[in-house]
Amino acid sequence: RISPSTGFDPRGRVGRLPIRCVAAALGAACLTASVVLAARSVWPGGGMGPAVFVGPPGATPVTVAAVVDGDTLTLVDGRTVRVLGVDTPETRHPDMEGPQPYGPAARERTRALVAAAGAISVTPDGPDADHHGRLLRHVWIDGQLLSELLISDGLGRSTPYPEQRLYHDRLEAAEASARQRRAGIWSLAPTSVPFFEAP
């Protein structure tokens, strides 16, 4: 005779599992499936992994088509974004025959960050666009402020646009740290190029 509580025959033979065991197993399987689906829904590409922080509330997701230089991006819709809060060395400058020191490094750093990004978004702060028609936006790469990353690496200066109000203290602190470490541009002596003039 099969025991209704264990599902085993006392004589050592396996019997049918009781209904409550089958129900418990099905419930556990459903719970596992729902967790897997939830994880896939928050990971770019549908794979397994932690959720990616896109940016602060109100951030607009964007797709970058090209990196013009360290602080200028072109989006897939054709618009150009001027990254707020930072001025990176130029890759082309009218006062120089070639790029400014660390200009190519700033561009390549931004390219690498964009290429590796799980999510990129932008947020406004002050005027919508500059006199060139470029959108003025803070750029977030996987939840990190692009301007802060560049400034921390010594690949740009903290340079707020008129009426920009957000993140100024963070960017100033990042610049002070880079100056103290003599990182990137701060390892160079000032030159006649306006970017490197003493503040």
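Residues numbered from 1 in each chain as written. Predicted model: local features only at pLDDT ≥ 70, side-chain atom pairs only at ≥ 80, totals over all residues. Heavy atoms only, no water.

## Here we look at helix α2 (residues 103–116)
The condition that has to hold: Runs of H or I in DSSP of at least four residues are treated as helices and runs of E of at least two as strands, each being numbered from the N terminus. An expected span of 1.5 Å times one less than the residue number is assigned to each helix. Whether a residue is buried, partly exposed or exposed follows from its accessible area with a 1.4 Å probe, protein chains only, as a fraction of its type maximum: under 20%, in between, or over 50%, in that order. Arc definition: directions from the helix axis to the C-beta atoms. Should any heavy atoms of two residues lie within 4.5 Å, those residues are counted as being in contact.
Relative to the 20 Å expected for 14 residues at 1.5 Å per residue, α2 spans 20 Å between its end C-alpha atoms, a close match to the ideal helical length. Those residues of α2 not exposed but buried are G103, A106, T110, L113 and V114. Taken down its axis, α2 places every buried residue within 100° of arc, on the same side. Facing away from the buried side of α2 by over 90 degrees, the exposed positions are A115 and A116. Lining the buried residues of α2 we find β2 (64–69), β3 (72–75), β6 (120–129), β7 (135–141) and α3 (146–152).

## Brief notes about helix α4 (residues 168–181)
With 14 residues, α4 should cover 20 Å at 1.5 Å per step; its first-to-last C-alpha distance of 20 Å lies within 8% of that length. Every buried residue of α4 is accounted for by L171, A174, E175 and A178. Looking straight down α4, one finds that the buried residues subtend no more than 100° of arc, so they occupy a single side. In α4, the exposed residues that point more than 90 degrees away from the buried face are D169 and Q180. Looking at the buried side of α4, the elements it contacts are β5 (85–87), β8 (144–145), α3 and β9 (157–159). The positive-phi residue at the C-terminal boundary of α4 is R182, with phi of around 50°.

## A closer look at the side chain of Q164
Quick reminder of the rule: Contacts described as polar in this section are N or O atom pairs within 3.5 Å, which, within protein, must combine one atom able to donate a hydrogen with one able to accept it, while residues neighboring in sequence count only if both atoms come from side chains.
In this structure, Q164 sits in the loop between β9 and α4. The buried category is assigned to Q164, whose relative accessible area is 10%. Engagement of the side chain of Q164 in a polar contact is seen with the backbone nitrogen of G85, the distance being 3.4 Å. Dropping the residues within four chain positions of it, Q164 is found in contact with L84, G85, D125, H138, T159 and L171.

## Observations concerning the side chain of D125
Put simply, the rule reads: Positive residues here are Lys and Arg, negative ones are Asp and Glu, while His and the chain termini are left out of the count. The working definition used for a salt bridge is a side-chain nitrogen of Lys or Arg within 4 Å of a carboxyl oxygen of Asp or Glu.
Relative to the elements of secondary structure, D125 occurs in strand β6. Within the buried core, D125 has no salt-bridge partner, and the shortest N-O distance to an opposite charge, that of R165, equals 5.5 Å. At a separation of 3.1 Å, a polar atom in the side chain of D125 contacts the main-chain amide nitrogen of R165. Of note is the side chain of D125, whose polar atom sits 2.8 Å from the backbone nitrogen of L166.

## Focus: the environment of H138
By the element assignment, H138 lies in strand β7. Sequence-distant contacts of H138, that is, excluding residues within four places in its chain, are made with L84, S121, V122, T123, P124, D125, L145, Q164, L166 and Y167.

## Quick look at unusual backbone geometry
In this structure, D142 is a non-glycine residue whose phi angle is positive, near 50°. Take D142: it is sitting in the loop between β7 and β8. For Y167, which is not glycine, the phi torsion reads 70° and is therefore positive. Tracing the backbone through its elements, the reader meets Y167 in the loop between β9 and α4.

## Digging into the pairing of β6
Across a regular strand the side chains alternate sides, sitting on one face of the sheet and then on the other. For the record, the criterion: Here, strands pair whenever DSSP counts at least two bridges between them.
As paired elements, strand β1 (residues 60–61) and β6 share two bridges and run antiparallel to each other. Each bridged residue has a counterpart across the sheet, and for P61 the counterpart in β6 is S121. Note that β6 and β7 share six bridges and pair antiparallel. In the strand pairing of β7, P124 is matched with R137. Taken together, β6 and the strand that follows it, β7, pair antiparallel across an intervening segment of five residues, in which G133 is found at a positive phi of about 85°.

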